[in-house]
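# Summary of structural features
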Amino acid sequence: MTGPLLEVQSLSRRYGRVQAVDDLSFAMARGAITGFVGPNGAGKTTTMRIAATLDVPDRGDVFVDGVSVLVEPREARQRIGYMADQFRPYPNLDVPEYLDFFARAYGLRGRRRLQTVRSVAAFCGLDGFADRPATGLSKGMGQRLHLAKTLLHDPALLILDEPASGLDPRARIEFRALLKELAAAGKGILISSHILPELGELCDSVVVIEKGRRVVAGTIAEIQRSVAAEQAVRLRVLGDAEAAHRFLLTQPGVGAVAVDGDRLRFALAGGDAAAAALLQRAVAAGLSVVEFVRVEADLEDIFLQTTRGNVQ
Amino acid sequence: MTAARAEPPIGRWSRWSDRLNPILVREVQQAVKGRAFALTVLVALVVTVVIATAAVARGAAPDAGRGVFDAGLTTLVPLVLFVVPMQAYHSMRLELRAGIVEQLLLSRLRPRAIVAGKLAAALVQFGLYVSILAPLLATSYLLRGVDVATIATSLGLALVFCLGATAAAISAAAQGATAALQPIGQVVAAFGFGMLSFAMMTFVGTGEYARDLGWLLRRAEFPAVLSAIVLGAAAATTLSALTAQTFLLHAFENRSTGFRVYLFGLPLLALAWIGCFVEPALWAERTAAVVFAATLLGIVFGVFFCTEQRELSPRVRAHVPRRAWAAALAAPWLPGRERGMLCLLLYLAAVGALGWLVWPDPTAATLVFAPGVRVTAFTTGLLRLAAFTAAYGLIYLTLGKGLRRWLPPTFAGNQLARFAVPGLCVLFCLVPVLIDVFLRDGVDQWHGLHVLNPFWTCERFAFRPERGSVLTGLLAAAAGCVLLQLRGLAHGIGEVRAAAALRRRAEAVAWLRRRTASPARSRRWRRATGWRSAARGPAAGRGRSAGSAPAARSSCSISAPMRPATTCATSTGAATRAASSCGCGCTRRKWRRTSTWCSTPRRRWPAPPARSARRGCWRRRSCSGAGARAPRCGC
Ligand SMILES: Nc1ncnc2c1ncn2[C@@H]1O[C@H](COP(=O)(O)OP(=O)(O)OP(=O)(O)O)[C@@H](O)[C@H]1O
Ligand SMILES: [Mg+2]
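About the thresholds
Residues numbered from 1 in each chain as written. Chains lettered and ligands numbered in written order. Predicted model: local features only at pLDDT ≥ 70, side-chain atom pairs only at ≥ 80, totals over all residues. Heavy atoms only, no water. Helix = DSSP H or I, 4+ residues; strand = E, 2+ residues; numbered from the N terminus. Buried < 20%, exposed > 50% of the residue type's maximum accessible area, 1.4 Å probe, protein only. Areas by Shrake-Rupley, 256 points an atom, 1.4 Å probe, with all protein chains shown as cover. Lys, Arg positive; Asp, Glu negative; His and termini not counted. Charge placed at Lys NZ, Arg CZ, Asp CG, Glu CD. Contact = heavy atoms within 4.5 Å. pLDDT = per-residue confidence, 0-100. Domains from an automatic or database assignment. Buried area = accessible area lost by both parts, 1.4 Å probe. Salt bridge = Lys/Arg side-chain N within 4 Å of Asp/Glu carboxyl O. Near = heavy atom within 4 Å. Polar contact = N/O pair within 3.5 Å; in protein donor to acceptor, adjacent residues only side chain to side chain. Nonpolar A, V, L, I, M, F, W, Y, C, P; charged D, E, K, R; others polar. Phe/Tyr/Trp six-rings, centres within 6.5 Å; stacked < 30°, edge-to-face > 60°. Lys NZ or Arg CZ within 6 Å of the ring centre and 35° of its normal. Patch = residues over 30% accessible without salt bridge, like charges linked within 9 Å, V, L, I, M, F, W, Y side chains within 5 Å. Expected span 1.5 Å × (residues − 1). Bend = angle between axes of the 7 residues up to and from the residue.

## Some points on the overall build of chain A
Regarding its fold elements, chain A presents 11 helices and 14 strands. Principal axes of the C-alpha set define a box for chain A whose edges measure 75 × 45 × 35 Å. Every one of the 312 residues in chain A was classed for burial, and the buried ones make up 55%. With an accessible surface of roughly 13,200 Å², chain A has 48% of that area assigned to carbon and sulfur atoms. Once the 38 positive and 37 negative side-chain charges of chain A are each reduced to a mean point, those two points are 4 Å apart.

Following this line, the structure appears as structure tokens:
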């Protein structure tokens with residue numbers, strides 16, 4: 001198959017008077033990690049639940065590996081690993097028993113089941129928790145168990161709804177490493193999160209939605225290019241930053257100068273030529289320029305620029 | 001991820017348990033570790049020991065054996081009618097509340113397997129409790145209190161009731177109504193099963209049960225009574241399991257066929273029972289009772305059938321039978337209120353035919369029954385009552401179906417309509433009464449305004465054959481209601497047939513795609529047919545290119561010299577560039593062997609004489625059918 005791994009087509013879902021998802025379309029390639037970003041109530045969970053065959057849209061369809069989740073939900077389910085935003089394991093089962101049960105539910109039998117449970121538990125770092133009840137795990141370990149359960153049937157697409165929420169920084173870094181390994185193994189990952197710097201590091205592409213509508217989608221570089229008409233530049237000078245500030249205010253194409261100690265950050269209209277000309281003028285004006293760097297807009301900047309903070 | 005590791009040893013239990021339902025394995029694992037289960041087993045053991053000690057203390061009293069049996073069975077009753085069902089209820093509720101059931105549904109477990117697993121777990125628990133109490137039952141036998149038949153029958157009945165109660169509990173738990181209602185639901189379930197257990201404990205504990213069973217065992221009717229109880233419980237268990245399963249199914253799955261088959265199956269089961277256990281002289285009377293009960297049941301099911309969403313879901317549409325005639329035959333069994341009404345009409349017709357056989361008309365009756373069948377006035381009354389029920393049912397269901405159109409096309413809309421139908425009945429019963437109270441001299445006798453009050457009308461006219469005009473009028477009104485729906489019913493069948501045609505078309509497209517997958521063959525075919533890609537460019541002609549719609553849901557345009565430009569659309573009707581797959585992929589050799597015809601869904605025409613063009617056509621067998629077959633030509 002050469003088509004996208006996940007294709008959301010004109011999806012709409014309404015709950016009473018709330019339009020949770022509104023004509024949303026996007027696609028996701030194989031082996032890619034796609035961030036799914038939006039303010040609270042933007043419709044991320046709703047979209048993911050529909051993609052995971054747990055809800056049905058009013059209109060539109062979702063195709064996983066070319067299989068419609070509405071027409072062939074059972075086949076689509078075999079390709080999907082869905083990690084919901086909440087994890088509540090069964091009481092009175094320890095970690096291996098919990099994984100073993102789901103392995104059975106996914107149709108794994110005999111030695112293959114045991115092997116899969118072991119390798120998935122080892123991959124998710126659950127080796128040392130064999131005697132722990134599944135309900136007695138910390139949040140981070142619970143998320144690992146949840147991920148392990150999601151990986152049991154080796155799905156092609158992982159749909160992860162805020163998997164890192166509530167994790168401490170170390171757990172988050174470890175979790176990120178797990179996801180990167182999974183993507184390297186060829187799995188497509190659709191991940192929603194409110195921790196944007198992390199998503200920025202992790203994702204190849206992002207889809208930003210607000211009020212159920214797609215605001216922007218594409219690789220982060222593409223979005224950076226499309227969103228930022230002006231480039232952000234960071235300037236560091238030796239000595240008087242105030243003089244540099246005054247100089248910048250007189251320059252054409254420069255706007256929104258912010259001073260932070262000896263560093264100045266400002267927006268500059270025009271391309272590289274404008275930047276080179278400005279640097280020449282700054283040096284000619286006697287400023288001791290130590291650093292003149294173009295700053296890439298990060299995911300947070302993109303998010304703030306593209307969304308209006310509308311919550312529903 | 002799957003690092004090379006030493007092969008894990010696999011135990012015998014692990015290998016053996018692979019054959020079991022995963023839910024059963026998990027429930028047993030959980031139960032073994034759970035405190036509630038340990039406590040229940042402990043209590044059962046203590047009670048067993050206490051009863052056994054008391055029996056020993058009583059020594060050789062003549063009724064000691066019966067006393068031990070009664071005490072043992074009284075202990076078993078709450079375990080199988082309260083503890084086991086409530087555990088199943090809790091397990092199901094927990095899974096629903098914590099969203100675990102969604103995780104289960106994402107796995108390969110079907111809702112049916114989930115329900116079956118829970119019933120199997122109930123069976124295991126039943127076995128365990130029986131084995132705890134087995135020493136008591138054995139003691140009662142050894143003390144000559146009861147015989148083996150009594151013990152076996154009692155355990156069999158306990159098993160059947162345990163399964164029935166557990167299925168009802170799972171069904172009640174699966175009906176995930178609003179969160180606020182769940183604690184109330186739990187209280188109602190606990191109260192219901194508690195009261196049932198209490199009543200049974202009283203019945204068993206006072207010794208009445210053992211006495212009655214002993215009496216019944218000695219009578220010839222015992223097999224009939226026992227089989228009726230077992231069949232009734234099995235039917236109730238099946239219905240509960242079906243309902244529970246329905247609530248767990250994906251919203252677009254077919255939730256209707258099971259209920260429709262069940263509805264048709266019940267009267268057949270009842271007739272089979274009558275055939276086996278009732279003496280022929282009473283067949284007519286019993287069949288009349290079945291006719292009435294089946295009609296009533298049909299109307300109750302009809303309320304659910306006729307309030308479903310109108311259209312087929314995309315999933316069901318994609319899985320209707322491929323052939324046109326099979327699709328038409330399958331239509332009454334498929335979801336949708338029009339098809340539901342059709343199914344109900346077929347069912348009522350079948351039940352009506354059965355009623356006609358026992359109607360006091362000697363020719364009809366003697367066709368099936370012995371010439372000397374007894375057709376009493378009561379039998380006639382029952383049949384008239386069934387006719388009244390059918391007429392009222394059809395009238396109210398037509399009204400309900402009309403009302404359903406105004407409600408949102410969602411599951412909530414279905415539920416609302418299901419309450420609206422009995423609501424309408426109450427309204428039409430109440431309004432004439434209020435008119436009588438406020439505008440006339442009070443409610444003293446039936447008059448025309450009460451004609452939509454089924455209870456009063458039936459009470460007055462069902463058992464009086466001399467007042468036949470009311471029944472005739474009602475039956476005419478019901479027939480009018482059916483006539484009004486003819487268009488809807490036709491739409492119901494038409495939708496299935498259209499889905500079947502679409503499916504055939506899609507499969508033909510897929511078949512052709514496979515056939516023309518070979519580049520050489522494809523090139524030859526293109527040359528032969530003069531096919532030109534609708535979407536020129538690198539993507540044209542390929543099944544699916546990056547960014548294009550998937551090939552399986554596409555439309556294509558063919559512009560070939562030998563056939564008119566044709567457009568086809570498959571299941572979802574999105575646009576496609578998969579034009580190559582729309583051609584006819586037969587080779588020259590095949591053409592030589594068979595004559596060729598090509599057709600579009602609308603018209604058929606013979607393959608043109610030009611040799612090159614002929615090569616583009618298909619074998620007669622696959623191409624030359626009626627319009628419905630045409631999609632096999634790929635257009
Ligand atoms: N079952 C439901 N019933 C009613 N409204 C719902 C339901 N599920 C979601 N909604 C509404 O749909 C909108 C989108 O909800 P959703 O959970 O998809 O947002 P989200 O993007 O995941 O938000 P968050 O970032 O807070 O998790 C919200 O306004 C929510 O209130
Ligand atoms: Mg959410």
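On we go from here.
## With respect to the overall build of chain B
Helix and strand counts for chain B stand at 25 helices and four strands. Considering only contacts within chain B whose residues lie at least 6 apart along the sequence, 76% involve residues at least 24 apart. If you sum the accessible surface of chain B, you get close to 30,400 Å²; carbon and sulfur atoms cover 67% of it.

## Structural notes on the confidence of the model for chain A
A low pLDDT score tells you not to read the predicted coordinates there in detail. With 95% of its residues at a pLDDT of 70 or more, chain A has an overall mean of 87. Averaged pLDDT values over the elements of chain A bottom out at 71 in helix α11 (residues 299-306) of chain A and peak at 95 in helix α1 (residues 44-51) of chain A.

## A short note on the domain arrangement of chain B
Residues and elements named next belong to chain B. Segmenting chain B into domains produces domain 1 (13-249), domain 2 (270-507) and domain 3 (550-635). Centre-to-centre, using C-alpha coordinates, domain 1 lies 36 Å away from domain 2. Counting residues at the interface gives seven residues for domain 1, matched by five residues for domain 2. In this assembly, domain 1 packs against domain 2 so that about 400 Å² is buried in total across both faces, 84% of it on carbon and sulfur atoms.

## Side note on the pattern of salt bridges
Residue and element names in this part refer to chain A. Under the definition given, this model contains 37 salt bridges over all chains. Taking the shortest distance from any N to any O, the salt bridge between Glu198 and Arg176 comes out at 3.8 Å. Residue Glu198 is found in helix α7 (residues 196-202), and its partner Arg176 is found in helix α6 (residues 169-184); the two are separated by 22 residues along the sequence. Taking the relative accessible area as the measure of exposure, Glu198 reaches 13% and is therefore buried. Close ionic contact of Glu291 with Arg234 constitutes a salt bridge, the shortest N to O distance being 2.9 Å. Residue Glu291 is found in strand β14 (residues 288-295), and its partner Arg234 is found in strand β11 (residues 231-238); the two are separated by 57 residues along the sequence.

## Description of the domain arrangement of chain A
Annotation of chain A at the domain level lists domain 1 (6-224) and domain 2 (229-296). Using only C-alpha atoms to locate each centre, domain 1 of chain A and domain 2 of chain A end up separated by 43 Å.

## Notes on the site of ligand 1
Residue and element names in this part refer to chain A. If you check the shell around ligand 1, you find 14 residues, and the closest are Gly41, Lys44, Thr45, Thr46 and His194. Thr46 places a polar side-chain atom, nitrogen or oxygen, 2.6 Å from an oxygen atom of ligand 1. Look at ligand 1: alone it shows 630 Å² of surface, and the protein chains cover 63% of it. Secondary-structure elements contributing two or more residues to the shell around ligand 1 are β2 (18-28) and α1. The element that contributes the greatest number of residues to the shell around ligand 1 is α1, accounting for three residues. For the shell around ligand 1, a count of residues per class yields five nonpolar, seven polar and two charged.

## Comments concerning the packing of aromatic side chains
If you walk through the whole model with that rule in mind, you get 14 aromatic pairs over all chains. Where Phe264 of chain B meets Tyr347 of chain B, the ring centres are 5.3 Å apart and the plane angle is 80 degrees; that geometry is what we call edge-to-face. Of the two residues, Phe264 of chain B is situated in helix α11 (residues 257-277) and Tyr347 of chain B in helix α15 (residues 337-358); the sequence distance between them amounts to 83 residues. Measuring from ring centre to ring centre gives 6.1 Å for Phe301 of chain B and Phe305 of chain B, while their planes differ by 80 degrees; the resulting arrangement is edge-to-face. Here Phe305 of chain B and Phe301 of chain B lie together in helix α12 (residues 283-305), a separation of four residues that amounts to about one turn. Residue classification places Phe301 of chain B among the buried residues on the basis of a relative accessible area of 9%. One aromatic cluster is present, formed by Phe87, Tyr90, Tyr98, Phe101 and Phe102 of chain A through successive ring pairs. The ring of Phe102 of chain A has Lys149 of chain A sitting right over it, with the charged end atom 5.3 Å from the ring centre. One Lys or Arg, Arg260 of chain B, reaches over the ring of Phe305 of chain B and ends 4.8 Å from the middle of that ring.

## Re unusual backbone geometry
Residues and elements named next belong to chain A. For Ser10, which is not glycine, the phi dihedral falls at a positive 45 degrees. Tracing the backbone shows Ser10 in strand β1 (residues 6-15). Its relative accessible area of 34% is what places Ser10 among the partly exposed residues. Even without glycine at this site, Lys211 takes up a positive phi of about 50 degrees. By relative accessible area, which is 42% here, Lys211 ends up partly exposed.

## Examining a nonpolar patch on the surface
Side chains of Val426, Leu430, Leu434, Val437, Phe438, Leu439 and Val443 of chain B sit close together on the surface and give an oily, nonpolar patch of about 710 Å² of accessible area. For Val426 of chain B, the location among the structural elements is in helix α18 (residues 411-439).

## Comments concerning the interface of chain A and chain B
The figure often quoted for interface size is the accessible area lost as the parts come together. Contacts between the two partners involve 53 residues from chain A, matched on the other side by 45 residues from chain B. Here chain A meets chain B over a buried area of about 4,800 Å², counting both sides, of which 55% is carbon and sulfur. On the chain A side of the contact with chain B, Arg74, Tyr90 and Arg104 of chain A bury the most area, a combined 13% of that side's loss. Between chain A and chain B we count seven salt bridges in total. Salt-bridge contacts for Arg104 of chain A lead to Asp18 of chain B; the nearest nitrogen and oxygen are separated by 3.8 Å. Taken together, the connections running from chain A to chain B amount to 18 residue pairs in polar contact (both at pLDDT 80 or more). For the side of chain A that touches chain B, the secondary-structure elements that each account for two or more residues are β1, β4 (59-64), α2 (73-79), α3 (95-105), α4 (110-123) and α5 (139-151) of chain A. Here the residues of the side of chain A that touches chain B are counted per class, giving 26 nonpolar, 11 polar and 16 charged.

## As for helix α4 (residues 64-97) of chain B
Residue and element names in this part refer to chain B. Look at α4: 48 Å from first C-alpha to last across 34 residues, which is about the 50 Å you get at 1.5 Å a residue. Bending of α4 peaks at approximately 30 degrees at the position of Leu79. Most of α4 sits inside the fold, with 24 of its 34 residues counted as buried.

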